[in-house]
Each structure stands twice: as C-alpha cells, then as structure tokens.
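Here are the chains, one letter per residue:
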There are 2 protein chains.
Amino acid sequence: MSNTARGQYREVADRIRDSIDQGVYQRGELLPTEDQLADRLGVHRATVNKALKVLLAEGLVRVHRGKGTYVTEIPVIHRAAVGRQRRETREAGQARGAFDAELRALGLTPRSDVTPERTSAAAEVAEKLEIDEGADVLARRRTMFANDVPVQLAVSYIPWSIAEGTPLTEADPGPGGAYSRLEELGHAPAVFTETLRVRPPDAHEADKLKLSPDQRVIAVTRVARTSAGQAVEVNNIVLPAHQWELSYEWPAD
Amino acid sequence: MSNTARGQYREVADRIRDSIDQGVYQRGELLPTEDQLADRLGVHRATVNKALKVLLAEGLVRVHRGKGTYVTEIPVIHRAAVGRQRRETREAGQARGAFDAELRALGLTPRSDVTPERTSAAAEVAEKLEIDEGADVLARRRTMFANDVPVQLAVSYIPWSIAEGTPLTEADPGPGGAYSRLEELGHAPAVFTETLRVRPPDAHEADKLKLSPDQRVIAVTRVARTSAGQAVEVNNIVLPAHQWELSYEWPAD
DNA sequence: GAGTGGTCTAGACCACAGA
DNA sequence: CTGTGGTCTAGACCACTCG
C-alpha cells in the first residue's frame, strides 16, 4: 500500500486547511510564517513545510518566496471546451473571447499578453500541421492572467502560408479572434481535437506560471481542422492543474 | 519566482532519469535502494528520496513500500472519450469494451472487477441524475487493471427505477455493455458530458490505486443524457494522472 | 540587513515486505 | 529478523523580497 500511517504532516495540513475553511485565514491573506506555525503546532518547520506543500497541491495556498504563503484568492476556473470557438461565444458581451467571458463570470479581471512571431516549426508542430519540419509558421504566444495571477500559457501555430499578410500576424487579430479570420480566409475550422496530459511543469512554465515543482500542469494540444480534414491551427495550452476544471460535450453519434 | 536555484535533488532526478532512458535500469526492474543511490551519488538519502518523488510524479517509477522502487512497466494509456460509447467500439474484436481494446492495443492485459449494488444516491449524484437525494440507484463499481496494475476506478450510477429487474444489475450486463441495455430499455444515451479535475488522491483512491500522496488523479464525471435531455447515467471515473492521455473531438457547430 | 521559504545533511524511528 | 521506503527532528545554508 502507500497510505496506512497518515503522517504527522497530513494532520498539520488538515488543521491549516480547517483554519482556512473556517475563515481564520481569509482569501488573499498572508499565513503565519512556517516558523510560527511550527511553534504553534509543536512540530519542526520541515513538517510544516511539507504540510504546506499538500495545500499547495490542492491549490489552497500560493507561495511567494521571500515574502510568505498566501491563501489562494482565485476560484477554480471552468473551461467549457466545446462551444468556445463559436462566433457568439467569442463575441459575447464585453468579452473579447471565451477566456474573458469565463473569468468575468467569476468576477475576475482578465488580462492577456500576446506576442505574434514568425518562426520555424518544431517537429511535433510540423507533424500535426502536416507541413515540413522547419517550415515557417506564425506563432502567437499568449500569457493569460486572472487578477494579475498567471493562469494560462498558450502558443497557437498557423502555417505561414496561410497567415502571411493577414491580421493574424497582428497582436489583435480583430473581432471574433483568429478563428473568424481563418473563416474569412477560406480555412474555416470544422473539427477540433484536444489531447490532454498531466505532468510537472518544465522550467519555463514554472517561471511564467509561478509554479513549484510539486504542482502539476494540464498540457492541452488542440488541433483545428477544416471540413476537408486539413489542419490549420495547432494550439499548445498549459494550465496550472489545481486552478482549472475542464468540460467537454458531444453527441452519441 | 520559484525555480531559479534548481536544487540538488533535481540533478539527482535527472541522473536517475537518464539511466532509465538509456536502459541502465530496465522496465519493471528494481532500482538500487535509496541508501545505495545516496552513496553512489554522494548525497544524503533524504535527497535521493526527494529525487525519486520527482520521477514518481512523472510516472517513471513505482514504489512498493518495504520492497523497493521499480521502473514503471505500463506505458501511458490513451483514452479517446468520443466514440468509446459507440456500439462498434464496444463490441470491437475480442475486447469487451473500449477499455479492453485500448489496453490490448498497447500489448497489455486488461482485467476488471465489477460489483453492482443497490444503494441510495448521494447529493452530488442525485443532483446530476435529477432525482431525490437518497433515492435508490444502481451503483456499478469497477476497478480496472493493466497487467495487474490498477489503472482506473469507476462508479456508474443509474436510477433504480430504470435498472430494476434488468441485466444492468448483473456483474456482466451482456454484449455491448450497459449502454446497449439502456438503449434497449428506451433510454438510449444521446449526449455525453465529461467534467475533469486534477487533485491529490483521497485515502480510498490512494489505497486502491496504490498511489502516494505526491501523485495526482484525474477525476472525470461523465453524464449521459437521452435526446430528451433526461440524465440516465452518471459515471465517476478516477485515473492516476501520470498514466493516462485523454482526447476529445467535436465539430465546430 | 532582516525575514521569508527552499533545500541539504545527519541521525533517528516507524511501517511494511519477505525470508 | 533484516531490509526497504516514509517520516520526523535538529540545525544549517541558500536565494529571494523588502525596507
């Protein structure tokens, strides 16, 4: 087995979790330092540190090295994959896209950095786009924030042969986003595929998303194809696993 | 940030990972003990222990307490959610279902325990099935194995008013599985929804799936509805996160 | 510089597996 | 009984943040 003797650090984690649930420590508030918690709970600091990693895994706390440990203020974000590409969704309300709409629904303030760039396709991307390795692609790199907390990285790849000279190469591709432009260019996406893996963050992801090695990301690879089966976009999306809930819906046939 | 000074244990993890990748330690093989690794690599055992937890998170190794640490022998299993309910998929080849087919495709030997049971619906299940809390439901509990390694837990709930007196209450519901029976009973599922969360395993899951608290599970809640929008089945699926790759596909409209 | 969390070493005890 | 990994304490050093 693996779990019979629970370990003191789990008791400590339970006690701190209870304090958070009961409002002793409020959302966004700084917890006592590990030394203080160790004193109060009568254990060594290393045990408190391990307990806090449990809460970190659960997404209950957030750590700023050199500053302290905070109670998480961002609720779990729901991402409904199916439907988010629809024009109505993309243009709904004040939102500039599905991501914006989801965050506003939770009372959060979305923010997003975009960097379009012409580059050459790595092997995995080229394979999925069915182009030659090293061929030119447009890479649109996005970092998304909720209340200034980073919650998503995404890199969208589109063959340069499609994107060249179009608004797709701009930071803001215009109303309805990139999918609307692809539609107008005669490359309307008709079928979407998403493939998911859960893994520890790599160094770049840990840095950008402020994650510790004890946390996980959900790596989503989305491929958009035309009705002719031609892949027109590959999107590599990285989400802090504790911050998201994903949903999918499809017909039986 | 969180990751600038990499930490010695990550170097140790890299070295052990390299040894596994290069075949120094083979699939299914027992690694040297933590004491031995600590001696060879010139670090304290606690550092080796922490390094092994990194590899555990990546799914590269498996730990049997009291015995040792083994190189994982099960490859990542792919689960294509869309299409697995189709009759052709369910009845394909020698397989008794989509799960069987997926494992056989990887050269693994599937095995599965099923325990049907009449019970009363918990709040979350009742809400999704749109029945009264505490109303009777059929619960079909499954534990699935690949080469005798547990790889999935699932509990399928069907209102007792539908299941009573049908083959659904049997351990083997017959050809094509439960969905075929629902179809014949006039409750053919027409729309499926899956909602995913990543979290640490609870005590029961850790025990059944032989997981350590440092690992994660993907908790999938699937709801099957008829074309009239009536929920007929709720399935709570728990997967060791490091062992699976999930995929979904859907049309743009 | 003082305070924070991240990590490492040292040594110890425990729970579990198997001879 | 011995050997394994899991955990705890003690004490130390480091990197980062902020005044």
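What counts and how
Residues numbered from 1 in each chain as written. Chains lettered and ligands numbered in written order. Predicted model: local features only at pLDDT ≥ 70, side-chain atom pairs only at ≥ 80, totals over all residues. Heavy atoms only, no water. Helix = DSSP H or I, 4+ residues; strand = E, 2+ residues; numbered from the N terminus. Buried < 20%, exposed > 50% of the residue type's maximum accessible area, 1.4 Å probe, protein only. Areas by Shrake-Rupley, 256 points an atom, 1.4 Å probe, with all protein chains shown as cover. Lys, Arg positive; Asp, Glu negative; His and termini not counted. Charge placed at Lys NZ, Arg CZ, Asp CG, Glu CD. Core = buried A, V, L, I, M, F, W, Y, C linked by side-chain atoms within 4.5 Å. Contact = heavy atoms within 4.5 Å. Near = heavy atom within 4 Å. Polar contact = N/O pair within 3.5 Å; in protein donor to acceptor, adjacent residues only side chain to side chain. Nonpolar A, V, L, I, M, F, W, Y, C, P; charged D, E, K, R; others polar. Domains from an automatic or database assignment. Salt bridge = Lys/Arg side-chain N within 4 Å of Asp/Glu carboxyl O. Pairing = 2+ DSSP bridges. Least-squares fit on C-alpha atoms with pLDDT ≥ 70 in both. Buried area = accessible area lost by both parts, 1.4 Å probe.

### Some remarks on the overall build of chain A
Here is step 1: Scanning chain A from N- to C-terminus turns up nine helices and ten strands.
Here is step 2: Each principal axis of the C-alpha distribution contributes one length, and for chain A these read about 65 × 40 × 40 Å.
Here is step 3: Per-residue burial for chain A yields a buried fraction of 51% across its 253 residues.
Here is step 4: Split by element, the accessible area of chain A, about 11800 Å² in all, is 47% carbon and sulfur.
Here is step 5: Considering chain A, the positive charge centre built from 33 side chains and the negative charge centre built from 37 side chains are found 4 Å apart.

### Points about the nonpolar core
Here is step 1: By size, the foremost hydrophobic cluster in this structure holds 68 residues, and its most contacted members are L196(A), I218(A), Y248(A), L196(B), I218(B) and Y248(B).
Here is step 2: With residues near it in sequence (within four places) discarded, L196(A) still touches I218(A), A219(A), V220(A), L246(A), Y248(A), L196(B), W244(B), E245(B), L246(B) and Y248(B).

### Some words on the protein's contact with DNA strand D
Here is step 1: Around DNA strand D sit 25 residues in total, of which Q8(A), Y9(A), T47(A), T33(B) and R45(B) are the nearest.
Here is step 2: Close to the protein, within 4 Å, the atoms of DNA strand D are drawn from sugar and phosphate at a rate of 76%.
Here is step 3: Contacts to DNA strand D include Y9(A), whose backbone N or O atom sits 2.8 Å from a phosphate oxygen.
Here is step 4: Between DNA strand D and the protein, one listed contact pairs a base oxygen with a side-chain N or O atom of R45(B) at 2.6 Å.
Here is step 5: For the surface near DNA strand D, the elements supplying multiple residues, two or more each, are α1 (8-21) and α3 (45-58) of chain A together with α3 (45-58) and β2 (68-71) of chain B.
Here is step 6: A total of four residues in the surface near DNA strand D trace back to one element, the largest contributor, which is α3(A).
Here is step 7: Of the residues that constitute the surface near DNA strand D, the class distribution is five nonpolar, eleven polar and nine charged.

### A look at the domain arrangement of chain A
All names here are of chain A.
Here is step 1: The domain architecture assigned to chain A consists of domain 1 (8-71) and domain 2 (77-247).
Here is step 2: For domain 1 and domain 2, the distance between their C-alpha centres works out to 34 Å.
Here is step 3: The tally of links from domain 1 across to domain 2 stands at one salt bridge.
Here is step 4: We note a salt bridge from K53 to D214, for which the minimum N-O separation is 3.5 Å.
Here is step 5: At the junction of domain 1 with domain 2, the criterion picks out two residue pairs in polar contact (both at pLDDT 80 or more).
Here is step 6: For the side of domain 1 that touches domain 2, the class distribution of residues is two nonpolar, one polar and two charged.

### With respect to the pairing of strand β7 (residues 191-199) of chain B
Here is step 1: Of the pairings in the sheet, the one linking strand β10 (residues 244-251) of chain A to β7(B) comprises six bridges and is antiparallel in character. Counterpart to Y248(A) in the pairing with β7(B) is E194(B).
Here is step 2: Taken together, the nine bridges between β7(B) and strand β8 (residues 217-225) of chain B define a ladder with antiparallel strand orientation. When the sheet's bridge partners are listed, L196(B) is paired in β8(B) with V220(B).

### Structural notes on helix α8 (residues 177-184) of chain B
Here is step 1: Turning to α8(B), its buried residues are G177(B), Y179(B), S180(B), R181(B) and L182(B).
Here is step 2: Trailing α8(B) by a residue or two, G186(B) shows a phi angle of about 85°, which is positive.

### So, the protein's contact with DNA strand C
Here is step 1: Residues in contact with DNA strand C amount to 25 residues; listed here are only the nearest, T33(A), R45(A), Q8(B), Y9(B) and T47(B).
Here is step 2: In the model, a base oxygen of DNA strand C is placed 2.6 Å from a nitrogen or oxygen of the R45(A) side chain.
Here is step 3: In the model, a phosphate oxygen of DNA strand C is placed 2.8 Å from a nitrogen or oxygen of the Y9(B) main chain.
Here is step 4: Residue assignment for the surface near DNA strand C shows that the elements contributing at least two residues are α3 and β2 (68-71) of chain A together with α1 (8-21) and α3 of chain B.
Here is step 5: Sorting elements by how many residues they give to the surface near DNA strand C places α3(B) first, with four residues.

### Quick word on the relation of the copies chain B and chain A
Here is step 1: With an RMSD of 0.1 Å, the operation that places chain B on chain A is a rotation of 180° combined with a shift of 0.0 Å along the axis. Such a turn and shift between the copies fits a two-fold axis. When each C-alpha of chain B is compared by its distance to the rotation axis, W250(B) comes out closest, at 3.2 Å.
Here is step 2: Take the interface residues of chain B: 100% of them recur as interface residues in chain A, which is what a same-surface contact looks like.

### A closer look at the environment of L153(B)
All names here are of chain B.
Here is step 1: Looking at where L153 falls in the secondary structure, it is placed in strand β6 (residues 149-159).
Here is step 2: Along the chain, L153 and N236 lie 83 residues apart, while their C-alpha atoms are 8.1 Å from each other.
Here is step 3: Once you skip the residues sitting within four places of it in the chain, L153 turns out to touch R142, T143, H204, E205, K208, L209, N236, I237 and V238.

### Observations regarding the interface of chain B and chain A
Accessible area lost on assembly of the parts is the figure often given for the size of an interface.
Here is step 1: The interface of chain B with chain A comprises 50 residues on the first partner and 50 residues on the second.
Here is step 2: Carbon and sulfur atoms make up 55% of the area that chain B and chain A hide from each other, which totals about 4300 Å².
Here is step 3: At the boundary of chain B with chain A, the tally comes to zero salt bridges.
Here is step 4: At the junction of chain B with chain A, the criterion picks out ten residue pairs in polar contact (both at pLDDT 80 or more).
Here is step 5: Listing elements by their share of the side of chain B that touches chain A, those giving two or more residues are α1, α3, β7, α9 (203-209), β8 and β10 (244-251) of chain B.
Here is step 6: Of the residues in the side of chain B that touches chain A, the class split is 25 nonpolar, eleven polar and 14 charged.

### Some words on the side chain of E34(B)
Residues and elements named next belong to chain B.
Here is step 1: As for its placement among the helices and strands, E34 is situated in helix α2 (residues 34-41).
Here is step 2: Look at E34 and you get buried, because its relative accessible area is 17%.
Here is step 3: What E34 contacts, discounting residues up to four positions off in sequence, is R45, V48, N49 and L52.

### Description of the pairing of strand β1 (residues 61-64) of chain A
Residue and element names in this part refer to chain A.
Here is step 1: As paired strands, β1 and β2 are joined by four bridges and run antiparallel to one another. Opposite R62, over in β2, you have Y70 as the bridge partner.
Here is step 2: The loop that links β1 with its antiparallel partner β2 comprises three residues; one of these, G66, has a positive phi angle of about 85°.

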